[in-house]
Structure formats: structure tokens, C-alpha cells
Amino acid sequence: MATSHEVERPGSLERRPEAGAYKVEDLLDEVRRGRVRIPHFQRALKWKREDALQLLDSMYRGYPVGTLLLWETLAPANELVFGSVRLSGAESRNALLVVDGQQRLVSLVRTLLAPEPAVDEFALFFDLDDVRFVAPPGDALVAKDPTRWLPLTVVLDSEQLIKWLLDKVPSPQRRDAAIQLGRRVREYEIPAYTVRTDDEDVLREVFRRINTHGKQLSAGDVFDALNGARTGAKPGTLAQIAKELEELDFGLIEEKVIYRLLRVLQGHDVTERSGKGELRLKGEKAEAAYEQTLNVMRQVVLFVKREAGILHYELLPYKQPLITLGRFFQHHPQPQPRSRELLVRWLWRGALTGAHRGDTVSTRQSLAQIDASDEELSVQRMLERVGTSESSIVPAASDKFNFRHAAGKLMTLALMELKPAAFDKNQAVDVSALLRVAADTETSPLLELISQIAGGPSDGLHTVANRLFHPKIPKLRTLLADAPAPVLLSHGIDDQAVAAWRASDRVAFLAHRTAWLDHHFRQFFARRARWDESDRPSMAALVLEDEEA
């Protein structure tokens, strides 16, 4: 028996992997027939169109593109989805699951097997004059010179390519370029190793060793690859959990956060400790872990949205509370109303004191406050750890504003409590839409009002007083001057500030709005944190303590 200080040695392959090579046309034919598949335990697709372009260009030039690792095993019947490409896979006793090479294979399928030339996000064309791969050139360019742009969806089938050339391309030079491209792509050979084993632990070890070299995978990526649901059960990956949580209109939660919660729910440390290796779960345990993580995270999200008033993932000052709340709800899935009320205070206080900052040590300490058998004791411990009003820092409207910083998110939350209304419509600003765009583009959802002040101080230009939570619209500054008072006040613009704006006194406008927002911030954060109120547990707990005494 191995001691606690020994590392369990992995097993060996009974048969050496079979080395070979697949021509691209043969490999994709196996995909079409449903034999070559992407397993459900593979990581989410990270490549973009540009990566696919580089892959095709390397093949065209004869460059090496890496080796595939295939696992020959039993696979159930299921639908195979590669972007816009949907195929059927019958049950197979000798299916080939792509253990390493997913990004390359999916890129080839989406560029070469898509049902239409430009429907897939990976769609590519070949410029027959410049002899290079390009993104879809657009209808105008194609209409202007239709024989120049060869869609890659016709190059895999030589007969289809010849038909396209006969119908469209009279130029011998362009025909030669197209024929050469088709031949180079179809006949390009990709090396592959095929592993035949029934020992999944050995396969996992092979995968791990391959992926500890080169571009490092995240801990969550490796977990998905080693443990994801092979049966197709959902959720079967961290990405699927994130996708299902998006339906709560809370935004896309990072997979690394979901993975840390999964570890905690399984009784492991929040992050891998040195020398411990990756978390490994088998079969039903892995499926149960994904499902439990989804259910707990769903409960956390609904609590944060409905009771703490933080409507979107992008607005969370710190992400660590999601993990601590997840542990709490795991042990106490139906907390009393008093506990829920105190947890809201805990969430806001930790954001204001920085206790939720979320380094590994502080996260472990926060998780340690939760008692699995005592809900109210857990809440009291959690509150004690986030500090008091003396250690809090209320963001000031005169501070430099950065939406990506915790203080910027806190200020944005305070602005949102005003329920900002659109200047051009008699309705509230669509908060979710603005935050969705901000997340996708990694920009701030707040608009800058004034770009410069001629001959005046510039400090106010960098503050929240010079920001509006409002979509971009034409003539916004003109509409601001004419907007009704209630609409203006929903953005923290009072009568004095709007009078200064109409008088083109931008310095006075910023000063008035700064003063108004500072007053609003103090009141808003005091209401959320409730520093001056008693944090006593529920009356039932107090009565029980008195009886025990």
C-alpha cells in the first residue's frame, strides 16, 4: 500500500499507440461517417477564425500542424455538432475520440464542411489572385469579381471544385491556383497516434502529460478533459454550466470561478496545492459534481441578483463571494430569512472593506468560517471577518473612475439604483444589454460626457461625474439639456447641474454632480451595509441560547 508521502504511479499501455497519418479528405470523411468524434469531456473551443486561417495556410505551405491523439473506444449514438455543421453518429464499437487535436479538427470541419460558403463563424475563402486565405469578402466584392473568391466549402470534393471552376472561372491562372489549393488541402497528411485501452486512468495520464508542455491549459480545462461527461449528460463541462447560468440573465460567469466552486463542493481546496495534481473524478461522480455545481451556483446567482441587488456578473466588485456563498448554500440550502438578510450585509460590507478581495489565503479563511451543522453560527463568523464601518472605504465621486476596479463597480451599482432612464425614450435604460456589450468588448458600460474643458481643470473629466450609464445615441448632449427633470435625476443630475450644463459651464456641472453623487453614494452604501444596525441572529436562535443558559 502506498504511504501518504508516495505518489501513485500510473499504469502502462498494454499496446503501444498505433502511429499513422490521415489525409485531410480521409479524416473528414471519417468525421462525416460519425467515426471520428469530439468527446464530451473535451475542453471548450478556444480557437477563432484567425487560428483556423493560420492552420489552413500552414497546410497549404506544407508546414507541420501537430499530431492528433485518438482513442479507439465504444461511443453511443448522438448528434455531432461543429458550429454550423451537424452530423449524425451511430453507436460505434470502434469510434475514434479526439483526445488531443480538437481545435484543429473542429476548425477543419467548420471551414471545409459547412453547408454554405459564409454561414459559419469560421468561414474562409481563398483569394485566387493574391493566393491567400481570407475572411468572407462580402457580397459587394463577390458581386464585383465573383471568380476571384473561392469558398473553402468546395475544395474538399474534387468534383465539386471542378464544377465550381467550370461554372465560374474562365481564367487559366485562377483555375490553376484553385486546383493546386484543392490538391494541397485534400492530400495534406496529419500524423496521428491511436490509443487502444480500456483503462481511462492511463488515457487521462497520457492526456495530462501531453498538455503540460507547450501552451498551458487552465486548471478548469484540464479538469474538463479528464473528468467531463463522456455519456453526453448535461452539464458535462464547465462551459456548459456557464452557458446554462447565462439563462438567468446574470452574464457569463468565468469558468475558473465555476471550477473553484466545484472543487470546494467536492471537499477539496479552492485551488490545487503544489504537488497534489489535478482533481480527478470518475463516471457518475464527475456527472454528479457538474450537476451539483450548476444547482448551487444557480442558487447563489439568484440570491445575489434578487436579494443583494447586484444584477450582473460584470457588476460584482469581487468574485470570491460566489465561492463562499456556494459553500454556505451547499450546507444550508434553505437559510432562514434572518440569515439571508445578514448575508446581504456580509456581501456588501466585504466589498466596501476589501475583505472579499479574493486571494487564495483570504478565500480559504472565508470558507473556514462556515460550519456545516450550524447556519447561524456560520453567518455570525462570516460577518465578523468582513470588518466594521471603520475599515470601510466609501467610493468618492471625485476619485478617478475605472469600471474594471472594485470601486468603479461599486459606483456603477450606486448609479443603477437610481434606475437611469433613456433621454430619447420614456423608459428605463436596458441594463443587461449595456453590460453584455461591455463584457464582450471589455469596455466600460458608462459613456464619457465631456472629452475636454478648454482652459479649465481636467481632474473632473476622469471621474464618475463625467460618466453616464446610457447607450450611445445621436445628439445625446443636446438631449441631456432638454430632458425632463425626473429623467435627469435618474442619472444624478440635479437642477443646479443641468443649469450649469445649459450655460455651457462644464466645470460647474461636474462640481454640482460630484456633490450630488457623493451624498447619494454615502446613503446608498449605508443602506446596503447597514453598519449601525444589530447583527443579532434570529429570535429563535436567541431563545434557544437563553434556554440552554
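This text gives an overview of the structure that appears in the document.

## Quick notes on the nonpolar core
For step 1, the next point in the chain: Formed by 76 residues in total, the largest nonpolar core has its most connected members in Ile253, Met297, Val304, Trp348 and Val464.
For step 2, the next point in the chain: Broken down by element, this core gets its largest block of residues, 10 residues, from helix H11 (residues 283-306).
For step 3, the next point in the chain: Among the nonpolar cores identified, the runner-up in size contains 49 residues, and Val65, Leu96, Val106 and Leu128 belong to it.

## Examining the packing of helix H20 (residues 495-502) against helix H21 (residues 506-529)
For step 1, the next point in the chain: At a minimum axis distance of 8 Å, the contact between H20 and H21 shows a crossing angle of 165°. Compared by their axis directions, H20 and H21 come out roughly antiparallel. Remark: the crossing between H20 and H21 carries left-handed chirality. Within the contact between the two elements, H20 uses Gln496, Ala497, Ala500 and Trp501 and H21 uses Arg506, Ala508, Phe509, His512 and Arg513.
For step 2, the next point in the chain: Along the lines of polarity and charge, the residues of the contact of H20 with H21 split into 5 nonpolar, 2 polar and 2 charged.

## Quick look at the packing of aromatic side chains
For step 1, the next point in the chain: By the definition in use, this model includes 11 aromatic pairs.
For step 2, the next point in the chain: Look at Phe250 and Tyr313: their rings are 6.4 Å apart centre to centre, the planes differ by 70°, and that puts the pair in the edge-to-face class. Taken as a pair, Phe250 in the loop between helix H9 (238-245) and helix H10 (255-265) and Tyr313 in the loop between H11 and helix H12 (320-331) lie far apart in primary sequence, 63 residues in all. Accessibility assignment for this pair places Phe250 and Tyr313 in one class, buried.

## Quick notes on the sheet that holds strand S7 (residues 125-127)
For step 1, the next point in the chain: Pairing is antiparallel in the open sheet, where 3 strands are placed in the order S8-S7-S9. Looking at strand neighbours, the two that pair on one side only are strand S8 (132-134) and strand S9 (149-151), the edges of this open sheet. With direction set aside, neighbouring strand axes in the sheet form an average angle of 35°.
For step 2, the next point in the chain: Inspection of the sheet shows S7 paired to S9 by 3 bridges, in the antiparallel sense. Within S9, the position partnered with Asp127 by the bridge is Trp149.
For step 3, the next point in the chain: Of the strands in this sheet, S7 and S8 are in contact with helix H2 (residues 49-61), which crosses S8 at around 165°.

Reading the values: rules and limits
- Residues numbered from 1 in each chain as written.
- Predicted model: local features only at pLDDT ≥ 70, side-chain atom pairs only at ≥ 80, totals over all residues.
- Heavy atoms only, no water.
- Core = buried A, V, L, I, M, F, W, Y, C linked by side-chain atoms within 4.5 Å.
- Buried < 20%, exposed > 50% of the residue type's maximum accessible area, 1.4 Å probe, protein only.
- Helix = DSSP H or I, 4+ residues; strand = E, 2+ residues; numbered from the N terminus.
- Axes fitted to C-alpha atoms, helices over the stretch in contact; angles between N-to-C directions.
- Parallel < 35°, antiparallel > 145°, perpendicular 65-115°, else oblique.
- Left-handed = near helix turned anticlockwise from the far one by under 90°.
- Contact = heavy atoms within 4.5 Å.
- Nonpolar A, V, L, I, M, F, W, Y, C, P; charged D, E, K, R; others polar.
- Phe/Tyr/Trp six-rings, centres within 6.5 Å; stacked < 30°, edge-to-face > 60°.
- Pairing = 2+ DSSP bridges.

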